[in-house]
Amino acid sequence: MRSSSLLKIAAVAFAVAFVATCVFAWAFSLTNLSTSLLGRFALSLFGFLAAIGATYYIVRRVERSRRDFERFVDSLSRLNPAHDYLDDLPSLGSNHPWRSTSEKIRRSMQGFFAKIQELEHLKTSQDIRSRRASAKAEQIKNVLAGMSDPMLAVNECDDVILANPGAKQLFGFEDDAERIVLSQVIECREIIDLVTSVRQRKNVTNRSEEIELLGSDGAKHWYRATASKLAGEQDEGESSSVAPGAVLALREIDDQKALQRRNAEFVSSVSHEMKTPLAGIKAYVELLADGDAEDEATREEFLGIIQSQADRLQRLVENLLDLARIEAGVVEVHKRVMPLNEILEEALRVVQHSAEKKNITITSELSALHISVLADRDMLLQSAINLLSNAVKYTPDGGHVVLRSRLQDDQARFEVQDDGVGLSPEDCEKVFEKFYRVKKDKDMAQGTGLGLPLAKHIAEDVHGGRLTLESQLGQGSTFAITIPCASKLRNETTA
């Protein structure tokens, strides 16, 4: 309450006291209780002092109520709803004239404070959720950025809302534009149709297709494109008439495609290689069944051809099984320490007969040193026989083949060198592929195209060595197998 208001109250109280004094004096004069001038003056003075005292008492009460209420209002204005409580407000007395008003204010403020605190709790909860959502979004962004596979997401209007660096590089766009439409950044109609069909069909959640695209390197690559429906938020039980967004992920499958082609070529080659001996066997069996072999010599000839074709078919099956076991890692390997030259001498004896038929000289230049290897004898012998047989097959009559061995550092090495037809650089890169045979040399000898791949697997996968080739077209070839010595393996084991 302002001081002007107090002055007004004091003036009114003083006027009331003065009037009351006059009335009191006049009443005494009427009753003749004291008619003397001194008595009247005393009574008037007493009444006037009483009026002054009453006025002072009233003003003090009003001023004290004003100060109490001002303290109440001042304390109320300084309250913080987050930390303070209404119980901390100064209380007004039970007889205070503004107690009822203060209690109404207190109750109203209690309701306001409760709502403010509820809003503060809600704000804190929302801040925590917002921080968690921001952190999760940042994590998702980092995960997508670290993925090499292209990936992007579109909304219900086919606007690109998210794309990782792989997708930007593949499709050649940046996401700094205000709006990026899928059809503007992707020219492949198959991808657009794939995403659109997943978005618009209610019963389809994802679809995949194999698509060939032009990569950022300018070459064509095969991708498996998978589009998945990206459902939007809606109330439970509410069906939305707007088609949701979709996520598109692409994975490069060039290796799978190449493997499929190799498998198809492998099956085709196996079928072809098996059909040849089977056709020969069937033909001569039919001749025998029809009685076309009238004498014993003809029957023996037919049976010999059948036997050779059956042996060829058996070798093909055995080589296939050996290759399959080695590639699958389920082949039984029995390694022991043995002299390398002993294995090579036995391989030479096996091939010597075939070389003599073609008047080919095989020269043995085996090392005088004792070279011991930790090897599976049968497998290493098979690889040596394959290399020697290959040299004899593709060396013209009267040619020369050299078998040599030597110690090279801590490696055991043996070579098969011939002066045969040789190989071109293109053939050198493919000669170790299964069923690969040089077209220009197919008529020189029969074969399955499995001997060299099998020798390579035995040398490298089984014995941890290497099979190398040096060749010049028309001048011959040198195949060399290098495997660790037994002493090196013992040293490594000890260490």
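Everything below is about the structure shown above.
A few points on the structure. Note that the structure is predicted; figures quoted are calculated from it, not measured. (Residues numbered from 1 in each chain as written. Predicted model: local features only at pLDDT ≥ 70, side-chain atom pairs only at ≥ 80, totals over all residues. Heavy atoms only, no water.)

### Focus on the overall build of the chain
What the chain contains, in helices and strands, is 13 helices and twelve strands. Taken across its 495 residues, the chain has 36% of its residues classed as buried. Across the chain, the fraction of contacts at a sequence separation of at least 24, relative to all contacts at a separation of at least 6, is 62%. Element-wise, carbon and sulfur atoms account for 52% of the exposed surface of the chain, whose accessible area totals about 30800 Å². (Helix = DSSP H or I, 4+ residues; strand = E, 2+ residues; numbered from the N terminus. Buried < 20%, exposed > 50% of the residue type's maximum accessible area, 1.4 Å probe, protein only. Contact = heavy atoms within 4.5 Å. Areas by Shrake-Rupley, 256 points an atom, 1.4 Å probe, with all protein chains shown as cover.)

### Brief notes about the sheet that holds strand 3 (residues 206-214)
A sheet is described by the order of its strands in space; here five strands give the open sequence 2-1-5-4-3, paired in antiparallel fashion. Among the strands making up the open sheet, the edge pair consists of strand 2 (160-163) and strand 3. Along the sheet, successive strands turn relative to each other by an average axial angle of 20°, direction set aside. For strand 3 and strand 4 (residues 220-230), the ladder comprises nine bridges, and the chain directions are antiparallel. In the strand pairing of strand 4, Glu212 is matched with Trp222. Sheet strands in contact with helix 6 (residues 189-200) are strand 1 (151-154), strand 3, strand 4 and strand 5 (245-252), and its direction is about 165° off that of strand 3. (Pairing = 2+ DSSP bridges. Axes fitted to C-alpha atoms, helices over the stretch in contact; angles between N-to-C directions.)

### Observations concerning helix 12 (residues 451-462)
When the terminal C-alpha atoms of helix 12 are compared, their 16 Å separation across twelve residues agrees well with the 16 Å that a helix rising 1.5 Å per residue should span. For helix 12, the full list of buried residues reads Leu452, Pro453, Leu454, Ala455, His457, Ile458, Ala459 and Val462. Among the structural elements, helix 8 (296-328), strand 6 (335-339), helix 10 (377-393), strand 11 (466-472) and strand 12 (476-484) are those in contact with the buried residues of helix 12. Remark: Gly464 follows helix 12 within two positions and exhibits a positive phi of approximately 65°. (Expected span 1.5 Å × (residues − 1).)

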